[in-house]
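Structural overview
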Amino acid sequence: MEFSALLTSAGINIAVCILFLSLYSVLRKQPHNFSVYFGRRLAEEKFQKQDDYFSFERLLPTAGWIVKAYWCTEEEIRQVAGLDSVVFLRLFIFSIRIFSITSLICVFGVLPVNYHGKEITHDHIPTEPLNVFTIANIIEESQKLWVHCIALYIITISACILLFNEYKYISRKRLAHITGSSPNPGHFTVLVRSIPKSDNELLDDTIRNFFVNYHGSSYLSHQMILRKGHFQSFVDRAERAYRKFVRVRLSVSERNGKSSMSRCGVCGVRASSFQIYRNKFIEAKKADLTNPEVVDAQKNCPGALVFFKTRYAAVVASRVLQSSNPMLWVTDLAPEPRDVYWSNLWIPYKQIWLRKLATLAASVVFMFVFIIPVAFVQSMMQLEQLKKMFPNLRGLLNKSFFARVVTGYLPSVVLLLSLYTVPPLMMLFSSIEGSISRSGRKRSACLKILFFTVWNVFFVNVLSGSVLNQLNVFTRPKDMPTMLAELVPKQATFFITYVLTSGWASLCSEILQVYNLVYNFFSKCIFCCHQNTEYVYSFPYHTEVPKVLLFILLGFTFAIMAPLILPFLLVYFCLGYLVYRNQILNVYYPKYEMGGKLWPIMHNTIVFSLVLMQVIALGVFTIKHSPVATGFTILLLVATILFNEYCRHRFSRIFEAYSAQDVIELDRDDEQSGRMQEIHQHLQDAYSQTPPGAEGSSRSGGQVPIELILEDPAQEASESSQELCDTVQEVSEAHEHSIEEAAGKAHCV
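Nothing here was measured: the structure is a model prediction, and the numbers come from that model.

The helix and strand tally for the protein stands at 31 helices and 4 strands. Taking the intrachain contacts of the protein between residues at least 6 apart in sequence as the baseline, contacts between residues at least 24 apart amount to 82%. Surface accessibility of the protein: about 35300 Å² in total, with carbon and sulfur atoms responsible for 61%.

So, in structure tokens, the structure goes:
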């Protein structure tokens, strides 16, 4: 590919970015798009809606959102979006810092050396092939390779210093998050699975007797988990319909001036009356432990939530082996209520390892199946192959501009569209694995997508999509450095265009929220549905973190191989920093908190990128017959691995466990202030049987709970449905009665 083809691709992407950013600055001002671009603020009811009037100012693109996103402090972001958003943005800060240093060194130091590596007569720069800007243009045994070796040392040392500071900074933030946040019910709760069954006593009594016997001084209470039936989903939908009915009547009553001060809008009935009826129904079922149906239901109990009096007791109970048989009485510290992935709690513990093995095998198979579209993308970059594959397009392909678009822009677009199928499938695999928390499922999906993108986007493309070349990597591992050294510079063109399309354009698509915008347009403008949507998206860390880490890997890998990629990457990180700050502040709602646990994944991937950069440089120096540079690179490689081991021993356990010092001090503070009794009372309701559609659950941090289901789901569904009908009838009668009273008072007046 010529340099002019790269400029064509860059021009197309710059035009797309300007168009999308201009559209966003206009569309965000339109009142009917507030639910698309201000979802988080609407969910928290902190956004003042504007009147829907026409104004020319709303049609003019402005950059005010950039200023607001930039000047918002990190503490404000943490308060509104949690620690995870801060950690994600710190990844961009690290990237901007390290690639500013790298761009300065490589663009002004390494790039001229590559360009003048061979004593040849250079043509006009736009007509130059891109390989003259890569390390492939350096002749063998050249003394100029010392420039690359020195640049390699500067980049690695700078990256390690910045990484250490970031790890230290985020570790302090995590400790402050644990000690400074409000009491978390998950810190007092232990999830117990693989409970042994007994024919002589109820499972409820078995759990109580075990923990009273072995944890008597710290045991508080427990709650059994029973599998949710299909008929209960019908009941939940009916309850959600009822709550929607109540909200509609509330809005109508408020507009008519008939609402009473302490009523829910359906006059005469409290807003929580239905929940009180439901709680009475459930408590009656729970109390009747002699009922044969309840006895049969407990046989299907996969586990229980056990509450302890102190955080320290819960941490100790979750870490120690409860039985001499490690497959019985398995304990883990429970996630916080809103983070529990309830549908996976019924999975028997003995199935977990089988599920993980099956999903691992399925993920590996999918990774290799995806080689087919990647190979097709690689064939699109070869103009002669395209002419053979599509002979009818030979005339168009002979035109220079069309050929530049097809070979320089279209391949990365096709690959980007193919990658959209990966996140839903990996999230499905992570769900099947049996993760007990939503954050754990998202971290698992993040790792799967990360491995997938690094292998299929980088390694498979570098190896030109040839299965034989990929197999050679495994059959000849000693030749991997030299193989990568030969192939990586050849693929620099594709990855530069990939940064432009998958990087710049995807950021603009992210801020424009194309899917939500189209859905909102059809629902409000075409189907005239003016009801605000209640669902607000949480931040997709499982897709965005692997994407950013892949670009970091590309930046390190091609830093000294093809420095032309660095300016485009630096623009991506700067633009991404502003875009994601804006999205975190306005669009996405934090439904649960991971406590910054994604940073170790980020750190390890960045270190892997540094090691890969050094391995490829080692292969290049070997091919170019520079033994001294090879020796210095080996020393740098060993030092980088030792640095990673030091960081792992120094910081990683902070993200894996709680320290006894912190939890004991928190327990003492709560006991001295008298809050412990209040916390214990709240624990009884933290994991209560509230339906998933309960009003306010998504807006007030409410949890999605587990239901206590009997063996005969049809019978309970019938009873609950009858209860729903009775409640609605009672509400209607109360409403009619209140209207009659109001009419009587008006008549008297």
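Picking up where we left off.
Okay, the confidence of the model for the protein next. Residue-level pLDDT values for the protein average 77, and 69% of them are 70 or greater. Taken together, the stretch residues 257-288 has pLDDT below 50 and engages in 58 contacts with residues farther than four places along the chain or on a different chain.

Examined against the element boundaries, Phe655 turns out to sit in the loop between helix H28 (627-651) and helix H29 (660-673). What makes Phe655 buried here is its relative accessible area of 4%. Along the backbone, Phe655 and Gly596 are 59 residues apart, and their C-alpha atoms lie at a distance of 7.5 Å. Leaving out residues up to four positions away in the same chain, Phe655 has contacts with Tyr167, Ile170, Ser171, Arg174, Gly596, Lys597, Trp599 and Pro600.

This brings us to the environment of Gly64. Looking at where Gly64 falls in the secondary structure, it is placed in helix H4 (residues 64-71). Take Gly64: its relative accessible area is 32%, and that puts it in the partly exposed class. Taking the C-alpha atoms as reference points, Gly64 and Ser25, separated by 39 residues in sequence, lie 8.3 Å from one another.

With that settled, consider the environment of Cys574. Within the secondary structure, Cys574 sits in helix H26 (residues 565-586). Since its relative accessible area comes to 34%, Cys574 is described here as partly exposed. The spacing of Cys574 and Ser95 is 479 residues in sequence and 8.9 Å in space, taken between C-alpha atoms.

Our focus in this paragraph is the packing of helix H25 (residues 541-557) against helix H27 (residues 599-623). Across the interface, H25 lies against H27 with an axial gap of 8 Å and an inter-helix angle of 25°. When the interaxial angle is binned, H25 and H27 end up roughly parallel. Our pair here, H25 against H27, has a crossing hand that is right-handed. Contacts between H25 and H27 involve Val545, Leu549, Ile552, Leu553, Phe556 and Thr557 from the former and Ile601, Met602, Thr605, Ile606, Phe608, Ser609, Leu610, Leu612, Met613 and Ile616 from the latter. Each residue belonging to the contact of H25 with H27 can be placed in one class, and the counts come to 13 nonpolar, 3 polar and no charged.

End to end, H26 covers 32 Å across 22 residues, agreeing with the expected 32 Å (1.5 Å per residue, within 8%). Burial of H26 is extensive: 19 of the 22 residues sit out of reach of the surface.

What follows deals with the packing of aromatic side chains. Inspection of the entire model under this criterion finds 45 aromatic pairs. The aromatic ring of Tyr169 is capped on one face by Arg90, whose charged end is 4.4 Å from the ring centroid.

The tally for this structure, following the rule as stated, stands at 15 salt bridges. Among the ionic pairs, Asp332 bridges to Arg193, the shortest N-O distance being 3.0 Å. Within this pair, whereas Asp332 is found in strand S4 (residues 330-333), its partner Arg193 is found in strand S1 (residues 189-193), the two being separated by 139 residues in sequence. Among the ionic pairs, Glu433 bridges to Lys448, the shortest N-O distance being 2.7 Å. Highlighted residues: Glu433 in helix H19 (residues 422-433) and Lys448 in helix H20 (residues 438-462), separated in sequence by 15 residues. No difference in accessibility class separates Glu433 from Lys448, as the two residues are buried. One network of salt bridges, with partners in common, ties together Glu74, Arg90, Arg97, Glu166 and Lys173.

Calculation rules
- Residues numbered from 1 in each chain as written.
- Predicted model: local features only at pLDDT ≥ 70, side-chain atom pairs only at ≥ 80, totals over all residues.
- Heavy atoms only, no water.
- Helix = DSSP H or I, 4+ residues; strand = E, 2+ residues; numbered from the N terminus.
- Contact = heavy atoms within 4.5 Å.
- Areas by Shrake-Rupley, 256 points an atom, 1.4 Å probe, with all protein chains shown as cover.
- pLDDT = per-residue confidence, 0-100.
- Buried < 20%, exposed > 50% of the residue type's maximum accessible area, 1.4 Å probe, protein only.
- Axes fitted to C-alpha atoms, helices over the stretch in contact; angles between N-to-C directions.
- Parallel < 35°, antiparallel > 145°, perpendicular 65-115°, else oblique.
- Left-handed = near helix turned anticlockwise from the far one by under 90°.
- Nonpolar A, V, L, I, M, F, W, Y, C, P; charged D, E, K, R; others polar.
- Expected span 1.5 Å × (residues − 1).
- Phe/Tyr/Trp six-rings, centres within 6.5 Å; stacked < 30°, edge-to-face > 60°.
- Lys NZ or Arg CZ within 6 Å of the ring centre and 35° of its normal.
- Salt bridge = Lys/Arg side-chain N within 4 Å of Asp/Glu carboxyl O.

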